[in-house]
Amino acid sequence: MSRETASRDMSLNALAVLTGALTAAAFVGTGLVTGLAAGYTAQKAQEKALSNAAAAPLLADIAPPPVATPRPTRTVVTTRYVQGTAQGVSRQTITRTSGSVSTVRSYRQPAPAPQPARARAVAPAPSAAS
Amino acid sequence: MMRTLDARGTGTATWRALGTYVHLSTARDAVLGPARQIAIRLLADVDRTCSRFRNDSDLVRANAGAGSWTNVDPLLVQAIAAAMDAAAQTDGLVDPTLGRSLEAVGYDRDIALIPPASSDPAGIPLPARVGAWREILLDPEGAVRVPRGCALDLGATAKAWAADLIAHSIAAESDSTVVISLGGDLAVAGPDGWPVAISESIDDPGDSEIVHLPYGGLATSSTATRRWIRGGVIRHHLLDPRTGEPTRGPWRTVSATGATCVAANTASTASIVMGDKAVGWLTTRGIPARLVDTQGRIVRTARWPEPAGAS
């Protein structure tokens, strides 16, 4: 083995040792920082939880308590209205004192397709914003 | 009140109510008189119960009692139910809890009483509380509980709901086709449809496009009307509930149809609020609509016919 070869091998070995040492140091450093950060986060979370727990009774004191308001009774009104629905759907007669009326059903019916204007049989009704 | 009779025997009456124009037509003129009486009575009931500008209305009392149950006319309960349905269909874009937001930008009285331009402060927009409309409680027997801190405004849907109510109430009393338009919210009931002239302004129908509506409702919503200036800032009545500000999207006017006028109005109002996404939203739902952008260009969704003479 020539002197140059022995020297090169020594250099390579030294480099490998140095690289290994740096890698190990990096692992240790990263772990250390991560651990510290996790510890800090956990500490903050614990402080926040304690703070919230301490504040909860205070907030409960400040916020107005929910008031149970009973549903009122009402004198019967007998006027009747008829609320229609889309063509092809049975009309629903409602009274001003009967059950709730929902228009949800009308959204399930297809919207009518307007047709091209026919010959001017009757005067058109306006749909203009005002 | 104006009453006309055309050569084919149809009758038409026009007058003002709910702060806007009323146009009522019946296929048989003999029906017009009784029909008009039904319409006048129902419009008076709707105004007495649903107005945000009458101190004696049920809605004003319910808003004043927000957080508690208030006895109201069941008619208001039904109008609010329709508004809540509209909110549900649009994920809250058509929001009935915008009363305070409208007041914040100056819509605090009948539109006829708002100065077209004033030096008063423009007001700070107040967004609606997200999902507050879901907290509205209704008793169909005649009571409502407005969420605490909220005020209801039914301006978006009440006219459309009233148009449905009136059209079908009249049709139930006769075999005549009837059409009623309340400020652009139009409902047809009866055996036949009716031609409808669509325009951006009732005062200037020169640009109108006429289509035949076979049944149901057709509504036109526009930012070109109900406008005012406060503190140098232009305001209008169609608010985006997410910001509390008048909408500033690409659409100036939208007309849409629906199985009812409420459904049509929900679609037209929501389209203006959602802006860029409106065409896709309408198309997905199969809703025929005609949209006019801020430059006056017209877009029609599927099933809305091209105007006569267009290639």
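Reading guide: rules and limits
- Residues numbered from 1 in each chain as written.
- Chains lettered and ligands numbered in written order.
- Predicted model: local features only at pLDDT ≥ 70, side-chain atom pairs only at ≥ 80, totals over all residues.
- Heavy atoms only, no water.
- Helix = DSSP H or I, 4+ residues; strand = E, 2+ residues; numbered from the N terminus.
- Rg over C-alpha atoms; globule rule 2.2 N^0.38 Å.
- Buried < 20%, exposed > 50% of the residue type's maximum accessible area, 1.4 Å probe, protein only.
- Lys, Arg positive; Asp, Glu negative; His and termini not counted.
- Charge placed at Lys NZ, Arg CZ, Asp CG, Glu CD.
- Areas by Shrake-Rupley, 256 points an atom, 1.4 Å probe, with all protein chains shown as cover.
- Pairing = 2+ DSSP bridges.
- Core = buried A, V, L, I, M, F, W, Y, C linked by side-chain atoms within 4.5 Å.
- Contact = heavy atoms within 4.5 Å.
- Salt bridge = Lys/Arg side-chain N within 4 Å of Asp/Glu carboxyl O.
- Disulfide = S-S within 2.5 Å.
- Expected span 1.5 Å × (residues − 1).
- Bend = angle between axes of the 7 residues up to and from the residue.
- Axes fitted to C-alpha atoms, helices over the stretch in contact; angles between N-to-C directions.
- Parallel < 35°, antiparallel > 145°, perpendicular 65-115°, else oblique.
- Nonpolar A, V, L, I, M, F, W, Y, C, P; charged D, E, K, R; others polar.
- pLDDT = per-residue confidence, 0-100.

1. Looking at the overall build of chain B
Secondary structure assignment for chain B yields seven helices and 19 strands. A globule of 311 residues ought to have a C-alpha radius of gyration of about 19 Å, and chain B, at 19 Å, matches this closely. On the principal axes, the C-alpha backbone points of chain B span a range of 55 × 45 × 40 Å. Out of the 311 residues in chain B, the part that is buried amounts to 61%. Taken as two groups, the 30 positive and 33 negative side-chain charges of chain B have centres that lie 4 Å from each other.

2. Concerning the overall build of chain A
Counting its regular elements, chain A contains two helices and four strands. N-terminal to C-terminal, the α/β element order of chain A is α-β-β-α-β-β. Buried positions account for 21% of the 130 residues belonging to chain A. About 9300 Å² of surface is accessible on chain A, with carbon and sulfur atoms providing 65% of the total.

3. Points about the pairing of strand S18 (residues 289-293) of chain B
Residues and elements named next belong to chain B. With respect to burial, S18 is a largely interior element, five of its five residues being buried. Residues of S18 alternate between two faces, with Ala289, Leu291 and Asp293 on one and Arg290 and Val292 on the opposite face, all of them buried. With three bridges joining them, S18 and strand S19 (residues 298-300) adopt antiparallel strand pairing. Counted as the bridge partner of valine 292 is isoleucine 298 from S19. Hairpin geometry of S18 and S19 is characterised by an intervening segment of four residues between the two adjacent antiparallel strands and by a positive phi of about 90° at glycine 296.

4. Some points on the nonpolar core
Among the nonpolar cores identified, the biggest contains 73 residues, and Trp15, Leu24, Ile80, Leu154, Trp161 and Ile180 of chain B are the most heavily contacted of them. Apart from the residues within four sequence positions on either side, isoleucine 180 of chain B is in contact with Val22, His23, Leu24, Ala39, Ala163, Ile166, Ala167, Asp185, Leu186 and Ala187 of chain B. Counting residues in hydrophobic clusters, the runner-up holds twelve residues, among them Val122 and Ala125 of chain A together with Leu186 and Trp304 of chain B.

5. Observations concerning the pattern of salt bridges
Residues and elements named next belong to chain B. This model, assessed by the stated rule, comprises 16 salt bridges over all chains. The residue arginine 28 makes a salt bridge to aspartate 175 at a minimum N-O spacing of 2.7 Å. Remark: aspartate 175 occurs in the loop between helix H5 (158-173) and strand S8 (178-182) and arginine 28 occurs in the loop between strand S3 (20-26) and helix H1 (29-50); sequence separation between them is 147 residues. What makes arginine 28 partly exposed here is its relative accessible area of 39%. One network of salt bridges, with partners in common, ties together Glu209, Arg290, Arg300 and Glu306.

6. Overview of the environment of glycine 244 of chain B
Position of glycine 244 of chain B relative to the elements: it lies in the loop between strand S15 (239-240) and strand S16 (245-246). For the pair glycine 244 of chain B and serine 57 of chain B, spaced 187 residues apart in sequence, the C-alpha to C-alpha distance is 25 Å.

7. Regarding the sheet that holds strand S11 (residues 209-213) of chain B
Pairing within the open sheet is mixed, and its four strands lie in the order S3(A)-S11(B)-S10(B)-S4(A). Of all the strands in the sheet, just strand S3 (115-116) and strand S4 (125-128) of chain A have a single pairing partner and so form its edges. Where S3 of chain A lies against S11 of chain B, two bridges are found, and the strand directions are antiparallel. Opposite glutamine 115 of chain A, over in S11 of chain B, you have histidine 212 of chain B as the bridge partner.

8. What to know about the state of the cysteines
Counted under the stated rule, the structure contains zero disulfides over all chains. Free cysteine cysteine 50 of chain B: the closest other cysteine sulfur is in cysteine 261 of chain B, separated by 15 Å.

9. Considering H1 of chain B
Relative to the 32 Å expected for 22 residues at 1.5 Å per residue, H1 of chain B spans 31 Å between its end C-alpha atoms, a close match to the ideal helical length. Where H1 of chain B bends most, the angle comes to about 25°, and this point is alanine 35 of chain B.

10. Details of the sheet that holds strand S6 (residues 137-139) of chain B
All names here are of chain B. Spatial strand order, S4-S7-S6: three strands in an open sheet with antiparallel pairing. Each edge of the sheet is formed by a strand with only one pairing partner; in this case those strands are strand S4 (69-71) and S6. Across the sheet, the mean angle from the axis of one strand to that of its neighbour is 20°, orientation sign disregarded. Relative to strand S7 (residues 143-145), S4 runs antiparallel, the two sharing three bridges. Bridging from a neighbouring strand, asparagine 71 pairs with alanine 143 of S7.

11. A look at the packing of H1 of chain B against helix H3 (residues 74-89) of chain B
Residue and element names in this part refer to chain B. Two elements in contact, H1 and H3, have axes whose closest approach is 9 Å; the angle formed by their N-to-C orientations is 80°. By the angle between their directions, the pair H1 and H3 is classed as roughly perpendicular. On H3, the residues touching Asp45, Val46, Thr49 and Cys50 of H1 are Leu75, Leu76 and Ala79. In terms of residue class, the contact of H1 with H3 is built from five nonpolar, one polar and one charged.

12. Remarks on unusual backbone geometry
All names here are of chain B. Although it is not a glycine, aspartate 91 sits at a positive phi angle of roughly 55°. Assignment of secondary structure puts aspartate 91 in the loop between H3 and helix H4 (99-104). With relative accessibility at 68%, the residue aspartate 91 sits in the exposed group. The phi torsion at arginine 226 lies on the positive side, around 50°, for a residue other than glycine.

13. Overview of the confidence of the model for chain A
All names here are of chain A. Summarising the model, chain A shows a mean pLDDT of 60, and 27% of its residues fall at 70 or more. Looking across chain A, the model is least confident in strand S2 (residues 92-95), with a mean pLDDT of 36, and most confident in S3, with 88. Segment residues 56-61 is flagged for pLDDT under 50; beyond a separation of four residues in sequence, or across chains, it makes zero contacts in the model.

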